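Spelled out, the chains give:
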Amino acid sequence: MKVVTYNVNGIKARLPRLVEYLTEEQPDIVCLQELKASDETFPQAEIEAAGYGAVWHGQKGFNGVAVLARGTTPVERHRGLAGEPEDEHSRYLECDVGGLVVASIYLPNGNPQPGPKFDYKLRWMARLAERARALLAEELSVVLAGDYNVIANDDDTFSVRAMADDALMQPESRAAYRALLAQGWTDALRTRHPKGGIWTFWDYQAGAWQRDAGFRIDHLLLSPLAADRLVEAGVDKAHRGRERASDHAPTWVRLR
């Protein structure tokens, strides 16, 4: 079973690339982020034509998450995170697909920092940690997949110096991510590529793709039962180099 996380950076703009990816790679489950589309404008027909059922949590213009499943429709379990009733950002969607629980996560960027956006990022991470703890208590196979907007280690970026002041790499961001892992989650990509140097994002600016100046911010965290099923993890990097591609590459795990 191949489970993918893919920040599409605007589903309407990237729809040809998304359908192309689904058709060529035939992943079993795909967690999408940054749809930048309302619920009403989500391209359900095109995705179903590619052979996938979908559940989505949209928001006009920015944010938005979805879960796709090949040959079936995911069963929604939970949307949004408790803790801030006034928070209307569409950033968390949790579904059941054939007994595997998957969550599509779009964590706040947090820039500029310090400031309100960074404070919101840290509060959101704390709320995610509460939900993650509750999921572990259910003792299920769970994959928390998404764009975490956290560069967890120095070897997860092309340049520590270039990213030193960015919210993605602040000590508080890293500490929150490590606290999440300490609950008992396995960072699948890190487990399979322990030396780092594997990127999931390349900015559109300054020739980042051409220079391979990227970093790893798309993560798939596995509960103990899911980690026992882990076969491989990787990045479908070539899809980032296609015309009008997202600035993220599809990132995946393969489970027994």
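Only a predicted model underlies this, so the values are computations on that prediction, with no experimental measurement involved.

Q: Talk me through the nonpolar core; I want residue IDs and the actual numbers.
A: Within the largest apolar cluster, 29 residues are counted, with the highest numbers of intra-cluster contacts made by V3, V67, V102, V143, L222, V253 and L255. Setting aside its immediate chain neighbours within four residues, L255 contacts M1, V3, L100, V143, L222, A226, R229, L230 and V231. V101, I105, L107 and L180 belong to the second largest nonpolar core, which has 23 residues in total.

Q: Would you mind going over the pattern of salt bridges in detail, with residue names and values included?
A: Counted by the stated rule, this structure contains 21 salt bridges. Here E25 ties to K2 by a salt bridge, and the two come within 3.8 Å at their closest N and O atoms. Of the two residues, E25 sits in helix α1 (residues 11-25) while K2 sits in strand β1 (residues 2-7), which places them 23 residues apart along the sequence. Assessed through its relative accessible area of 29%, E25 is described here as partly exposed. Taking the relative accessible area as the measure of exposure, K2 reaches 6% and is therefore buried. By sharing partners, the salt bridges in this structure join D155, D156, D187, R190 and R216 into a single network.

Q: Give a description of the sheet that holds strand β4 (residues 65-70) that names residues and reports values.
A: In spatial order, the strands read β3-β4-β2-β1-β14-β13; together these six strands make up an open sheet with mixed pairing. Two strands close off the open sheet at either side, each with one partner strand: β3 (52-57) and β13 (230-235). Direction aside, neighbouring strands of the sheet carry axes that sit 15° apart on average. Across five bridges, the pairing between strand β2 (residues 29-33) and β4 is antiparallel. When the bridges of β4 are listed, V30 appears paired with L68. Set on the sheet, α1 makes contact with β1, β2, β3 and β4; between it and β1 the angle comes to about 160°.

Q: Give me the lowdown on the layout of surface pockets, citing residues and values where you can.
A: Taken as a whole, the largest pocket encloses approximately 340 Å³ of empty space. Lining the largest pocket are 24 residues, with N109, F201, D203, F215 and D247 positioned closest to its centre. Those elements giving two or more residues to the lining of the largest pocket turn out to be α4 (160-163) and α7 (208-211). Taken together, the residues of the lining of the largest pocket sort by class into eleven nonpolar, six polar and seven charged. Size it by volume and the second largest pocket reaches roughly 200 Å³. Lining the second largest pocket are 15 residues; nearest its centre among them are F62, N63, R91, Y106 and N109. In the lining of the second largest pocket, the residues fall into five nonpolar, six polar and four charged.

About the thresholds
- Residues numbered from 1 in each chain as written.
- Predicted model: local features only at pLDDT ≥ 70, side-chain atom pairs only at ≥ 80, totals over all residues.
- Heavy atoms only, no water.
- Core = buried A, V, L, I, M, F, W, Y, C linked by side-chain atoms within 4.5 Å.
- Buried < 20%, exposed > 50% of the residue type's maximum accessible area, 1.4 Å probe, protein only.
- Contact = heavy atoms within 4.5 Å.
- Salt bridge = Lys/Arg side-chain N within 4 Å of Asp/Glu carboxyl O.
- Helix = DSSP H or I, 4+ residues; strand = E, 2+ residues; numbered from the N terminus.
- Pairing = 2+ DSSP bridges.
- Axes fitted to C-alpha atoms, helices over the stretch in contact; angles between N-to-C directions.
- 1 Å grid on protein atoms, 1.4 Å probe; cavity = no way out; pocket = protein on both sides within 12 Å on 5 of 7 lines; lining within 4 Å.
- Points joined across faces, edges and corners; volume = space filled by probe spheres on them.
- Nonpolar A, V, L, I, M, F, W, Y, C, P; charged D, E, K, R; others polar.

Any functional reading would require information beyond the geometric quantities listed.
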